Amino acid sequence: MDEVSREEERLINALKTGTVLNSSDSILPEVITSTLPDRDVPDYGSVVDHRAQLAGLSSGAGSSHSASGGGIYNPQSGPVGAMVTAASAGNGGGPIVAATNGTPTLNGNGTTNGTGNGTTNHGSGDTPSVKHWNGVPMKPNHIPILNIHQIREQEKLSMNFTRNVATTRLPKDFGRTSVDDEKKLNMQPKTIPSPIRPFLSRGSVAERVLIFEKCPEKAPPRERVKEPVKLQSKPVNRLIPPNIHATLQRHLKNSTKAPYIPQFHFPNGKPPPTITTETTMQRLEQVFDKMPNYECTRDSFQVIVQMCQVPQYWRLPLFMCTQLTPNGAVDGDKFLHFWRQMTSFCHDAASRFVYIMSRGDRTRPYILPEDFAPLIQDVVDTHPGLAFLKEAAEFHSRYVHTVIARIFYNVNRSWTGKITTAELRKSNLLDVIQLLEEEEDINQIMAYFSYEHFYVIYCKFWELDRDHDLYIDQQDLARHNDHALSSRMIERIFSGCVTRSPRRGNNNPMIQGPNGPKMSYTDFVWFLLAEEDKSHPTAIEYWFRCMDVDGDGVLSMYELEYFYEEQQHRMESLGIETLPFEDCLCQMLDMIKPATPGCVTLADLKRCKMTPIFYDTFFNLEKYMEHEQRDPFAQRENDDLSDWDRYAAQEYELLVAEEGGDTQGEEETR
């Protein structure tokens, strides 16, 4: 029993040193060195398979078995279910020693030595078997003897445990670090535990020895410690205290949600309080309850408009927003549904006006020219300043088309034929519509709805339209203002660069006649407004499009010379002294001061305050002569009025005077 005790003690010492032996005779032994500090671990030799020894003890046979490669268990190597291996001393082909009774041993050459007498001989002699390492005697191994049942139980536990342990063979230079590796290891924090040491204090002797046979390179995943992630830190500016925003950083770190930023952009207006909408809905329900069949006729719809708190002349478009009943009335349920849907989506006057004019079509967030017809017709029928026009029904449509053309000329700055909500907010159209119910004299509202302005425009068109088909050609337009415009400019006007087309929302496009293309009444309204007030932003764009022959967005010197040549010929035919083009060009460039030398852009003309003089110099001879003969220090009358308002007022007085003279002449002839 002393022999067994010594073998067991030797095995425990081997476990503490963390040494694993390779039993192959043909290769050098591989050693796993423990990571414990200040411990010298010798490099042992091969591994002896003690399963054969136990088999010899149980069967009494004296046969020898070779050790399994690398100390890994092979279930087919013997009848015994499981056994452990012990380490024996050896160094590069040195003697391999077995410390069991009844089992032959192998010498350094791999031959058997001894005949089962319970002793082990080293070489040929009767000296006791003592292992040596470089001349230093070592204690013999003590191997515990287990019965067959214990061995099978240990096998089951060991196999289940080692399935999750890596069995990769370690490199031959494992444990032998170089100088560079030692520097790297010293720089890294020692946070990774030893892959072998945690297993020394758990399980039975057989289980621990089997763990060493499997040679785990690292601990199981459940005990694996992740290496710390190395982040490249930015250089710290020492001039700024590192904790200058410590309070803010602490609040942001402790907060689990993103900071709340209230909405600051409302495309359709800022929503009003909910109680305001609900109050309006209750008032509308009370009004419809008092009406027969929960329906409202057109005559009594004014009460609904007042409850909705919208301008009076939104009345007819709002009345037509919902599908009417067979009696021509508004159904209360449909109107309430429409109003609730509109107020939940549109929150300011501009967005609600567009929603009402488009009759609740959210896929069309713009207003077309024909959408204004019901509103303007309601103005003609109900406004006190147009009471005299009720009897002349043939002029109703002319007035409606004139007002629509003026609205789009001033509001539709994008030239698309579609008024958007953004364009409506930038204009004064809603204010003018609100003013209609306050001002009884409609001629005082000179923007859009003035009857005097309509009268001047229509009379000018009637004078040019000789066949009165509401279309004029180039010859007709050439007679405007006693042939003031040059023929080259008239050709450019009829070329389509400024005339409206069907895709831009005009229902009356330019028509081809026997004398060439014709201009509609709507296009003539745009022409007259741009001709008489060249300082208006739309007028500047209008004439710039006409003069930009090549359409590159820049007026070159060649294009300016193209239009000035005809002006020179006309002045020479009238006996007027002409100015050479080079001198005229210098004057114009000094006046406009373009940002890019040698060319004039639209932005240059909008920035200049004398743009009308620039345009008249190149294509309007009569106004060019007026600018040349005008006293620059003379003060203009009614400076608060625009050029168009002064022109319309003068022309209206002349037309009234001519009409009065014609009336007196007719009376005298009678």
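The rules behind each value
Residues numbered from 1 in each chain as written. Predicted model: local features only at pLDDT ≥ 70, side-chain atom pairs only at ≥ 80, totals over all residues. Heavy atoms only, no water. Helix = DSSP H or I, 4+ residues; strand = E, 2+ residues; numbered from the N terminus. Buried < 20%, exposed > 50% of the residue type's maximum accessible area, 1.4 Å probe, protein only. Contact = heavy atoms within 4.5 Å. UniProt positions renumbered as here; feature names shortened; annotations may be inferred. Polar contact = N/O pair within 3.5 Å; in protein donor to acceptor, adjacent residues only side chain to side chain. Salt bridge = Lys/Arg side-chain N within 4 Å of Asp/Glu carboxyl O. pLDDT = per-residue confidence, 0-100. Axes fitted to C-alpha atoms, helices over the stretch in contact; angles between N-to-C directions. Parallel < 35°, antiparallel > 145°, perpendicular 65-115°, else oblique. Left-handed = near helix turned anticlockwise from the far one by under 90°. Core = buried A, V, L, I, M, F, W, Y, C linked by side-chain atoms within 4.5 Å. Domains from an automatic or database assignment.

### Topic: the side chain of E531
Part 1: The topology assignment puts E531 in helix 19 (residues 521-532).
Part 2: Overall, the relative accessible area of 1% leaves E531 in the buried class.
Part 3: If we ignore the near neighbours within four places in the chain, the residues touching E531 are H480, L485, W543, N620 and K623.

### Quick word on the UniProt feature "domain: EF-hand" (unreviewed entry) in the protein chain
Part 1: Under the feature "domain: EF-hand" (unreviewed entry), the UniProt entry names residues 535-570.
Part 2: Each end of residues 535-570 is marked by a C-alpha atom, and these two atoms are 25 Å apart; helix forms 69% of the span and strand 6%.

### A look at the side chain of T611
Part 1: Mapped onto the secondary structure, T611 falls in helix 24 (residues 611-619).
Part 2: Of the polar contacts made by the side chain of T611, one reaches the backbone oxygen of C608; its length is 3.2 Å.
Part 3: When residues no more than four places from it in sequence are discounted, the contact partners of T611 are I540 and L605.

### With respect to the environment of K390
Part 1: Tracing the sequence through the fold places K390 in the loop between helix 12 (373-382) and helix 13 (396-411).
Part 2: As for K390 and V380, which are separated by 10 residues in sequence, their C-alpha atoms are 7.2 Å apart.
Part 3: For K390, the contacting residues outside a window of four places in its chain are V380, D381 and H396.
Part 4: Separated by 3.2 Å, the side chain of K390 and the backbone oxygen of D381 make a polar contact.

### What about the pattern of salt bridges?
Part 1: Per the counting criterion, the structure on display carries 18 salt bridges.
Part 2: Among the salt bridges present, the one from D348 reaches R425, with a minimum N-O distance of 2.9 Å. Taken together, the residues D348 in the loop between helix 10 (332-345) and helix 11 (349-357) and R425 in helix 14 (residues 421-426) connect sequence positions 77 residues apart.
Part 3: K534 is paired through a salt bridge with E531; the nearest N and O atoms lie 3.3 Å apart. Each member of the pair K534 and E531 is classed as buried.
Part 4: Among the charged side chains, a salt-bridge network with shared partners connects E531, E532, K534, D616 and K623.

### Here's the deal with the confidence of the model for the protein chain
Part 1: A residue-level look at the protein chain finds 60% of positions with pLDDT of 70 or above and a mean pLDDT of 74.
Part 2: Here residues 502-508 scores under 50 on pLDDT; set against residues more than four positions off or in separate chains, the count is 17 contacts.

### Here's the deal with the packing of helix 10 against helix 11
Part 1: Interaxial distance between helix 10 and helix 11 falls to 10 Å at its minimum, and their mutual angle equals 140°. Relative to helix 11, the element helix 10 lies oblique. In the crossing of helix 10 with helix 11, the sense of the turn from one axis to the other is right-handed. Counting all contacts with helix 10, which are made through F338, W339, Q341, M342, T343 and F345, the residues of helix 11 involved are R352, Y355 and I356.

### Thoughts on unusual backbone geometry
Part 1: Although it is not a glycine, N293 adopts a positive phi angle of roughly 60°.
Part 2: Position of N293 among the secondary structure elements: in the loop between helix 7 (274-290) and strand 7 (295-296).
Part 3: With a relative accessible area of 67%, N293 lands in the exposed category.
Part 4: Positive phi is not limited to glycine here, since L470 has a value of about 65°.
Part 5: Secondary-structure assignment places L470 in the loop between helix 16 (451-464) and strand 11 (471-472).
Part 6: Classification of L470 as partly exposed rests on a relative accessible area of 25%.

### A look at the nonpolar core
Part 1: Among the nonpolar cores identified, the biggest contains 118 residues, and F372, Y399, F449, I493 and F614 are the most heavily contacted of them.
Part 2: Ranked by residues supplied to this core, first place goes to helix 13 with 9 residues.
Part 3: Summarising the domain contributions, this core has at least three residues from each of domain 1 (274-449) and domain 2 (455-631 + 640-649).

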